[in-house]
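Read off the chains here:
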Amino acid sequence: MEANSVADADVLIVGAGAAGAIAALTATKRGLRTVVLERENKVGGHTKTKIDVTEGTGILPIIRSLELKTLGYSNTSHWSAPNTSLTLHSKTSDVFFKRGPDSDSLETHAVQAAKKRGAKLITGVKKLEYLLDAKGYCSRVEAWSGQKRYEIRPQTIIIAEGDHTSSLDPLGFSWRKQEPLRIIGYGFSSRRMKLASGSTNLFLDAELLPKGYFYAIKNKGFGFASIVLDARQTAKKELSEYYWDFVHANPTVRELVKTATDAAYVDGGCTAYSLDSLTKNNILAVGTAGRLFDPLFGYGVRQAIYSGYWAATALADAKGSKQKDWIEPGIKQYEIEMQRQLLPEIRAAWKARPLFESLTNKDLNTIIRELNSAGEGADELIERPSAHLFKIMKILLRHPRLAWLALKAIS
Ligand SMILES: Cc1cc2nc3c(=O)[nH]c(=O)nc-3n(C[C@H](O)[C@H](O)[C@H](O)COP(=O)(O)OP(=O)(O)OC[C@H]3O[C@@H](n4cnc5c(N)ncnc54)[C@H](O)[C@@H]3O)c2cc1C
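Just so it is clear, the structure is predicted and the values come from calculations on it, not from any experiment. (Residues numbered from 1 in each chain as written. Predicted model: local features only at pLDDT ≥ 70, side-chain atom pairs only at ≥ 80, totals over all residues.)

Q: Could you clarify how one ought to interpret the environment of E40 in this entry?
A: Within the element layout of this structure, E40 appears in the loop between β2 (34-37) and β3 (50-55). On a C-alpha basis, the gap between E40 and K126 in space is 8.1 Å, while along the polypeptide they are 86 residues apart. (Helix = DSSP H or I, 4+ residues; strand = E, 2+ residues; numbered from the N terminus.)

Q: Is there a simple way to think about the environment of G100 in this case?
A: Topologically, G100 is positioned in the loop between β5 (84-99) and α3 (106-116). When the C-alpha positions of G100 and V253 are compared, they lie 25 Å apart, and in sequence the two are 153 residues distant. The residues contacting G100, other than those within four sequence positions of it, are G44, T47, K48, T49, K50 and S105. (Contact = placed C-beta atoms within 7 Å.)

Q: Looking at this structure, I do not really get the pairing of β5. What am I missing?
A: The side chains of a regular strand alternate between the sheet's two faces. Strand direction decides the pairing type here: β3 and β5, joined by six bridges, are antiparallel. Bridged to K50 within β5 is R99. In this sheet, β5 lies alongside strand β4 (residues 72-81) in antiparallel orientation, the contact comprising nine bridges. Bridge pairing in β5 places S77 opposite L88. Linkage of β4 to β5, two consecutive antiparallel strands, is achieved through a turn of two residues. (Pairing = 2+ DSSP bridges.)

Q: How do you make sense of the site of the ligand when you look at a structure like this?
A: Not every one of the 39 residues close to the ligand is listed here, only the nearest: G17, G162, G268, G287 and G300. Those elements that place two or more of their residues in the shell around the ligand are α1 (18-29), β3, β7 (125-132), β10 (175-190), β14 (264-275) and α6 (301-320). When grouped by side-chain class, the residues that make up the shell around the ligand number 15 nonpolar, 15 polar and nine charged. (Near = placed C-beta within 6 Å. Nonpolar A, V, L, I, M, F, W, Y, C, P; charged D, E, K, R; others polar.)

Q: Please explain the nonpolar core as it appears in this structure.
A: General note: in soluble globular proteins, nonpolar side chains tend to be found buried as a group. Counting 103 residues, the largest nonpolar core has I22, A23, A24, I158, V286 and A311 as its most contacted members. The dominant element in this core, judged by the number of residues it contributes, is α6, at 12 residues. The residues contacting A311, other than those within four sequence positions of it, are A23, I158, L284, V286 and Y334. (Core = buried A, V, L, I, M, F, W, Y, C linked by C-beta atoms within 7 Å. Buried ≥ 20, exposed ≤ 12 C-beta atoms within 10 Å, placed from the backbone.)

Q: Mind showing me how you'd approach unusual backbone geometry here?
A: Where the residue is not glycine, phi is negative for most of them; where a peptide bond is considered, it is trans in most cases. The backbone phi angle of K211 is positive, close to 60°, even though this residue is not glycine. Take K211: it is sitting in the loop between β11 (199-203) and β12 (213-219). Positive phi, close to 65°, is recorded for K322, a residue that is not glycine. For K322, a count of 7 C-beta atoms within 10 Å gives the class exposed.

And the structure:
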């Protein structure tokens, strides 16, 4: 069958979620010929409307330079354990993004901006075929959307398919299951949540929410409340039951999230595995497809923005250097950037996960109390623990059980 359309591209981006949309906008801004493929019929259609909140570390300059759409910023978050709570003032702002199909969502807005700069977007792509040469390089891709067949001849490919990526295997990436960990969320979006704007509230309860947490956030009149748990817990009871049991047991939370009559239910998650490398020949994996997410809290939008931006930037820098072969240096530069910036913190979060999972409510209360007595320094202790080892040692010496758990996590 003749292809309906043939396109040459410097970069083909597979997936127009957070990571793919940012990669597309960055690539077009830097003059790369860009094609974006999206499985859903509409960008953002992979999730219902929700809010993601994330630490701004590393992405605030990217948000500014790409003029990304945000729902606002906040420097204050509230952390609660069953008998104590903490209000944390951070130096670096948290950023709120609308996600999903609305025109002001992070992904829709970025893809529209990329289209204005010449990106070609193909939606409704239900089938993809990568044609590899003898060395495993892919310079021809066939994509089917409805009755149409497209042929793309890319120099490089960015895989940004999110959690359910199906391209890594056919493209020769090697990976292994890291742990049988799947972090899942279940929650509701609503305009009626009784929270202050710019509000981030996190609730920890080792008995009602084992190995997880509940959070409620709101910005610009838009609220989202959700639980996040390890999927293994659902062998014991349904995810929705955890949500409602926690809400009903906690009058403060009940008050915050009730009257959500315009609520939209959202769920989803992230399965953990580790890639041996984020790149293979002329292909780069970004965002959750590259397992660039925080296994402690299940957050991934900052990692998606950061990796999408740096994948396209590394390729554009390499192409701009006018070297004849720009692909290999570009791919290498992306890997270096991720090794330097994102992978150390992800590895540290993996180490912290068993420690988090073993905390009892008594431990959680102790930690929140200690952070409260650290006052303004609490933010630094959480964000840069390695710079405050002496202070942390002093705290741990007062709590031998926590010291023992920390030692187990490090060793
Ligand atoms: C309920 C819930 C709440 C969350 N809350 C937060 C939060 O508060 N903060 C935070 O940082 N993170 C949060 N996350 C995680 C965050 O949403 C993800 O980490 C982030 O979206 C990952 O971005 P991504 O671009 O890698 O993948 P996605 O955003 O999942 O995008 C992947 C895209 O690729 C498309 N696609 C997939 N396969 C193909 C294919 N073969 N061809 C073409 N297109 C394809 C999909 O349709 C989708 O559009 C939450 C997740 C859930 C489920």
